[in-house]
Amino acid sequence: MTKYQGKGVYGAIAIGRISVFKRQDVQVKRIKIENVDEELARLAAAKERASSQLRDIYEKALKEVGEANAQIFEIHMMMLEDDDYNDAITEMIKGQNVNAEYAVAVTSDNFAEMFSSMEDSYMRARAADVHDISNRLIACLSGCEKEERLSYEKVMICADDLAPSETVSLDKDKVLAFVTAFGSSNSHTAILARNMNIPAIIGLGETFLTQITDGTIAIADGFTGTFIIDPDEKTLSEYKEKQESEEEKKKLLQELKGKENITLDGRTIDIFANIGSADNIGAVLVNDAGGIGLFRSEFLYLEKSDYPTEEEQFAVYKRVLESMAPKKVIIRTLDIGADKQVDYFHLEKEENPAMGLRAIRLCLSRPEIFRVQLRALYRASVYGRLGIMFPMITSTSELNEILALCDKVKKELDEENIGYSDSTELGIMIETPAAALISDRLAPMVDFFSVGTNDLTQYTLACDRQNPNVERFCDTHHEAVLRLIDMSAANAHKHGAWIGICGELAADTSLTKNFLRMGIDELSVSPSFVLKVRDAVRKTDLSK
């Protein structure tokens with residue numbers, strides 16, 4: 001019996017056989033070509049196959065992990081069409097008369113090295129994306145597009161690391177767990193594993209893969225990050241009991257459907273769901289969420305090749321509000337920038353995009369785009385209970401400008417005899433320390449706050465949550481973060497506003513009692529976490 005210690009990404013127990021993930025090993029050689037046009041045509045055909053594969057992966061990801069998490073594959077499709085990337089490949093084929101595989105491999109290395117040398121950690125992470133799409137393109141060129149075949153009916157996938165496309169491409173029903181030598185708990189792959197509800201462990205070390213073989217029985221403890229190879233009978237028996245206990249807990253959670261979110265001492269709280277598109281409404285309803293606390297409207301922009309029209313946006317917002325009525329739906333306005341880039345916006349490259357022209361800053365810099373979205377939102381407001389939420393707020397002057405635009409849009413609609421709901425709530429995200437620190441001045445201007453704990457933690461601690469090198473310093477339970485949330489809650493209630501949390505911390509049940517003590521009115525989580533949080537609320541006694 002051998003134990004390895006890593007970091008648990010998704011808390012669950014898996015017991016089964018190991019399957020070592022084997023990538024297709026494609027040897028790229030430099031070959032002199034005679035006909036450049038034929039080679040360029042071969043490249044174009046391979047690009048079309050690669051793009052088709054990415055579209056299929058995107059559709060699969062939509063069903064399994066939702067729009068927000070599937071967006072990484074939209075980014076891959078956009079990178080595949082990037083002019084600089086394609087021009088570099090084409091020029092090498094033309095200028096050096098070399099085969100397309102070699103040109104793609106060299107371009108991939110050059111671009112990955114460029115990204116890796118950048119100071120911004122988000123841009124450094126794009127190096128892995130370049131390699132991922134380039135390897136796919138090379139496989140298409142070489143005719144080596146075999147999928148990973150799983151040796152047993154259900155197995156634990158063990159790998160050095162897994163690209164997001166590899167994670168989603170595997171048959172979810174045949175995967176017991178993901179176990180990797182490297183990786184970050186905030187990587188795209190880790191987030192995908194959590195949303196697929198599959199036990200996952202990362203960071204077991206580079207020697208881990210040299211000591212495992214296909215078919216060996218193992219135990220993955222996603223709670224503690226422990227991975228046990230060839231366990232003895234006593235250990236196996238203990239973990240089987242633990243696994244059965246966890247399964248029983250899941251069954252008990254299903255019994256909570258239809259129950260109130262009320263503490264033992266009588267405090268009631270709303271538990272809503274976060275979604276990335278209208279296609280996720282079913283998951284909200286199935287998991288018995290009280291409403292939608294975060295609807296990410298940017299998917300409307302990410303999935304198109306041009307700005308979505310007012311009518312296109314109106315149709316989507318109307319569908320969501322009608323489907324959820326009479327439950328509340330909070331729609332966040334456009335949050336493009338940082339890790340969400342759209343080609344047709346023609347945004348300049350920034351040294352530090354997380355602190356650049358993103359979210360509300362972009363909307364206020366391009367008010368015509370913002371106006372179209374606001375018109376669509378207000379028009380849809382008559383079909384349900386709408387809350388409009390503005391991201392990345394740092395000042396009262398920004399908020400004054402937003403409210404003036406809202407008033408202007410309502411005046412336009414009045415003049416056009418188009419109805420809208422006067423009860424539409426307006427709120428802001430508390431995701432910068434600035435917003436929390438001046439929450440006493442912001443609260444009188446809005447109906448509600450919603451705390452985006454992912455960015456609030458990142459900006460408060462000066463730690464990029466996507467950077468594995470600073471992961472141990474990115475303490476989501478840091479006292480500074482909790483104090484900012486507490487301060488925002490107190491100021492919201494003092495001025496008659498309500499406050500929710502829509503970041504990942506909302507699903508952290510070790511903090512549920514803390515949030516309730518702060519007076520948080522609403523917790524909005526991924527649909528699959530709704531019942532787990534309800535259970536935590538119903539077991540909490542604030543009188544003790």
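For the structure itself, look to the data block above.
In short, a report on the structure. (Residues numbered from 1 in each chain as written. Predicted model: local features only at pLDDT ≥ 70, side-chain atom pairs only at ≥ 80, totals over all residues. Heavy atoms only, no water.)

Digging into the nonpolar core
To keep things clear, this is the line we draw: The nonpolar core is taken to be a set of buried Ala, Val, Leu, Ile, Met, Phe, Trp, Tyr and Cys residues, with the residues joined through side-chain atoms within 4.5 Å. Per-residue accessibility, obtained with a 1.4 Å probe over protein chains only, is compared with the maximum for each type, and a residue is labelled buried under 20%, exposed over 50%, and partly exposed between these values. Any pair of residues with heavy atoms lying within 4.5 Å of one another is described as a contacting pair.
By size, the foremost hydrophobic cluster in this structure holds 93 residues, and its most contacted members are Phe390, Ile485 and Phe515. Each residue touching phenylalanine 390, except ones within four places of it in the same chain, is listed here: Thr333, Ile360, Phe370, Leu374, Ile402, Cys406, Leu426, Gly427, Ile428 and Met429. In this structure, Val98, Ala127, Leu192 and Ile202 belong to the second largest nonpolar core, which totals 56 residues.

Brief notes about a negative patch on the surface
Cut-off, in case you're wondering: What makes a patch is a set of residues exposed beyond 30% relative accessible area and free of salt bridges, joined within 9 Å when like-charged and within 5 Å when nonpolar (Val, Leu, Ile, Met, Phe, Trp, Tyr). In this description, accessible areas are obtained by the Shrake-Rupley approach with a 1.4 Å probe, and a residue is regarded as covered only by the protein chains that are shown. A carboxyl oxygen of Asp or Glu within 4 Å of a side-chain nitrogen of Lys or Arg is what we treat as a salt bridge. When charges are counted, neither His nor the chain ends are considered; positive counts come from Lys and Arg and negative counts from Asp and Glu. Where a charge lies is defined by one atom per residue type, namely NZ (Lys), CZ (Arg), CG (Asp) and CD (Glu). Secondary structure elements are defined from DSSP: runs of H or I of at least 4 residues count as helices, runs of E of at least 2 residues count as strands, and each element is numbered from the N terminus.
The grouping of Asp230, Asp232, Glu233, Glu238, Glu241 and Glu244 at the surface amounts to a negative patch. Turning to its location among the elements, glutamate 244 is positioned in helix H7 (residues 233-254). For glutamate 244, a relative accessible area of 55% corresponds to the exposed category.

Topic: helix H19 (residues 530-538)
Within H19, the full set of buried residues consists of Val530, Leu531, Val533, Arg534, Ala536 and Val537. On its buried face, H19 is in contact with H7, strand E9 (270-275), helix H18 (512-518) and strand E16 (522-525).

Overview of the packing of helix H12 (residues 367-380) against helix H13 (residues 396-415)
To keep things clear, this is the line we draw: Working convention: axes come from line fits to C-alpha atoms, limited for helices to the stretch in contact. Angles between N-to-C directions cover 0 to 180 degrees. The cut-offs work like this: below 35 degrees is roughly parallel, past 145 is roughly antiparallel, 65 to 115 is roughly perpendicular, and the gaps in between are oblique. Whether a crossing is left-handed or right-handed is set by the direction in which the near helix is turned from the far one by less than a right angle, anticlockwise for left-handed and clockwise for right-handed. As a working rule, the residues Ala, Val, Leu, Ile, Met, Phe, Trp, Tyr, Cys and Pro are called nonpolar, Asp, Glu, Lys and Arg charged, and the rest polar, with Gly in that last group.
Contact geometry of H12 with H13 gives a least axis separation of 10 Å together with a crossing angle of 60°. Taken together, the axis directions place H12 and H13 in an arrangement best described as oblique. Like other packed secondary-structure pairs, H12 and H13 cross with a definite hand, here right-handed. Across from Phe370, Arg371, Leu374, Arg375, Tyr378 and Arg379 in H12, the residues of H13 making contact are Ile402, Leu405, Cys406, Val409, Lys410, Glu412 and Leu413. A class-by-class count of the residues in the contact of H12 with H13 yields 8 nonpolar, no polar and 5 charged.

Here's the deal with the sheet that holds strand E3 (residues 13-20)
Note the following rule: Strands pair, by our definition, only if DSSP identifies at least two bridges between them.
Taken in spatial order, the 8 strands line up as E1-E8-E7-E3-E4-E5-E6-E2 in an open sheet, and their pairing is mixed. Each end of this open sheet is capped by a strand with a single partner; those strands are strand E1 (2-5) and strand E2 (7-10). Direction aside, neighbouring strands of the sheet carry axes that sit 30° apart on average. Of the pairings in the sheet, the one linking strand E7 (residues 217-221) to strand E8 (residues 226-229) comprises 4 bridges and is antiparallel in character. By the bridge assignment, aspartate 221 is partnered in E8 with threonine 226. Its contacts with the sheet place H7 against E3, E7 and E8, and it is angled at close to 120° to E3.

Examining the sheet that holds strand E14 (residues 448-451)
The strand order E9-E10-E11-E12-E13-E14-E15-E16 describes a closed barrel built from 8 strands, whose pairing is parallel. Each adjacent strand pair in this sheet contributes to an overall mean axis angle of 25°, direction not counted. Pairing of E14 with strand E15 (residues 498-501) involves 4 bridges; the strand directions are parallel. If you follow valine 451 over to E15, its bridge partner there is isoleucine 501.

In short, shape yes, function no, at least from these values alone.
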